[in-house]
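So the chains spell out like this:
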Amino acid sequence: MDSELVLHSGGCHCKKARWRVYAPSSIVSWDCNCSDCSMRQNIHFIVPSERFELLGDSKEFLMTYTFGTHTAKHTFCKVCGITSFYIPRSNPDGIAVTLRCIDPGMLTHVEIKCFDGQNWEGSYKQTGIALCSKATDEDSK
Ligand SMILES: [Zn+2]
C-alpha cells in the first residue's frame, strides 16, 4: 500500500494562488456531477484541512462563491478565475483540491470515483466521502 504522505504543490493558472498539500502519491479523486462541479468538469480529492497550506500572499487573490446551503466555500482566484481548491459541502473540515491544479509529476496513481452530486444526500451516505477529511493511519483508503 502506498499510503505514505508526500508533499504536493499546485495552484491556479496565473500562480497568484499557490499552495502545498500532504497527500499520498496514489489518491482517490471524485468526479462530481453537482450543478457547480459539472459546469467546470471538476474532479477533486479531499484532504484534512490541516494538511493543506496556502503559500505567501495567496489569500489576497482569493474570492469565495457560495450557493444553495452555503456550506461549500468555492474559492477562486480573482485574477485568473481558476478554482484550484475549495471547501466542499461534503467535508467542511477538509479541503477539496482540484486534481488538475496539482503540479505535473506529483502523482503516481489516481483512482476516480463518481460522486452523484445531483442526488447529494444519498451519495454522501453511500460513498462515505465524509471520512476523506478525517486524519487516520490508513490514508490510502
Ligand atoms: Zn490565478
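Residues numbered from 1 in each chain as written. Predicted model: local features only at pLDDT ≥ 70, side-chain atom pairs only at ≥ 80, totals over all residues.

Draft legend 1. Just the overall build of the protein chain, in detail. For the protein chain, the count of helices and strands is 2 helices and 10 strands. Start at the N end of the protein chain and walk to the C end: the helices and strands fall as β-β-β-α-β-β-β-β-β-β-β-α. In terms of overall size, the protein chain behaves like a compact globule, its C-alpha atoms giving a radius of gyration of 14 Å where 141 residues would be expected to give roughly 14 Å. With the principal axes as the frame, the protein chain shows a C-alpha extent of 35 × 35 × 20 Å. Taking all 141 residues of the protein chain together, 34% fall into the buried category. For the protein chain, restricting intrachain contacts to residue pairs at least 6 apart in sequence, the fraction spanning at least 24 positions comes to 60%. (Helix = DSSP H or I, 4+ residues; strand = E, 2+ residues; numbered from the N terminus. Rg over C-alpha atoms; globule rule 2.2 N^0.38 Å. Buried ≥ 20, exposed ≤ 12 C-beta atoms within 10 Å, placed from the backbone. Contact = placed C-beta atoms within 7 Å.)

Draft legend 2. Structural view of the nonpolar core. Counting residues in each nonpolar core, the largest one holds 28 residues, and the members touching the most others are Phe45, Ile46, Val47, Ile95 and Val97. Elements with a contribution of two residues or more to this core: β2 (18–24), β3 (26–32), β4 (43–48), β7 (74–77), β8 (85–86) and β9 (94–98). Once you skip the residues sitting within four places of it in the chain, Ile95 turns out to touch Ile46, Val47, Ser49, Phe52, Phe85 and Ile87. (Core = buried A, V, L, I, M, F, W, Y, C linked by C-beta atoms within 7 Å.)

Draft legend 3. Local environment of the sheet that holds strand β5 (residues 52–54). Here 3 strands make up an open sheet; going across it, the order is β1-β2-β5 and the pairing antiparallel. The sheet is open, and its two edges are formed by β1 (5–11) and β5, each paired on a single side. Each neighbouring strand pair of the sheet contributes to a mean axis angle of 20°, computed without reference to strand direction. Pairing geometry for β2 and β5, over 3 bridges, is antiparallel. Across the sheet, residue Val21 finds its bridge partner in β5, namely Phe52. (Pairing = 2+ DSSP bridges. Axes fitted to C-alpha atoms, helices over the stretch in contact; angles between N-to-C directions.)

Draft legend 4. Structural detail: the sheet that holds β8. Across the sheet, 5 strands lie side by side as β8-β9-β4-β3-β10; this open sheet has mixed pairing. A strand with exactly one partner marks an edge of an open sheet, and here the two such strands are β8 and β10 (109–115). In this sheet, β4 lies alongside β3 in antiparallel orientation, the contact comprising 2 bridges. Directly across from Trp30, in β4, lies its bridge partner His44.

Draft legend 5. Main features of the pairing of β1. As defined by bridge partners, β1 adjoins β2 across 7 bridges and the pair is classed as antiparallel. What sits directly across from Leu5, in β2, is Pro24. With antiparallel pairing between neighbouring strands as the criterion, β1 and β2 make up a hairpin whose turn holds 6 residues, including Lys15 at a positive phi of roughly 70°.

Draft legend 6. The UniProt feature "domain: CENP-V/GFA" (unreviewed entry) in the protein chain, seen in detail. Summarizing the sequence annotation, UniProt attributes the feature "domain: CENP-V/GFA" (unreviewed entry) to residues 8–121 in the numbering used throughout. In the segment residues 8–121, helix accounts for 6% and strand for 43%; the C-alpha atoms at its two ends are 31 Å apart. (UniProt positions renumbered as here; feature names shortened; annotations may be inferred.)

Draft legend 7. Looking closely at unusual backbone geometry. At Lys15, a position not held by glycine, the phi torsion is positive, near 70°. Among the secondary structure elements, Lys15 is positioned in the loop between β1 and β2. The partly exposed category is assigned to Lys15, around which 14 C-beta atoms lie within 10 Å.

Draft legend 8. Structural view of the environment of Gly117. Examined against the element boundaries, Gly117 turns out to sit in the loop between β10 and α2 (120–127). Excluding residues that lie within four positions of it along the chain, Gly117 makes contacts with Cys32, Asn33, Cys34, Cys37 and Ser123.

Draft legend 9. Highlighting α2. With 0 of 8 residues buried, α2 lies mostly on the surface of the structure. Note on α2: the residue one or two positions beyond its end, Gly128, has a positive phi of about 70°.

Draft legend 10. Expanded view of the pairing of β3. Pairing of β3 with β10 involves 7 bridges; the strand directions are parallel. Of the residues in β10, the one forming a bridge with Ser29 is Ile112.

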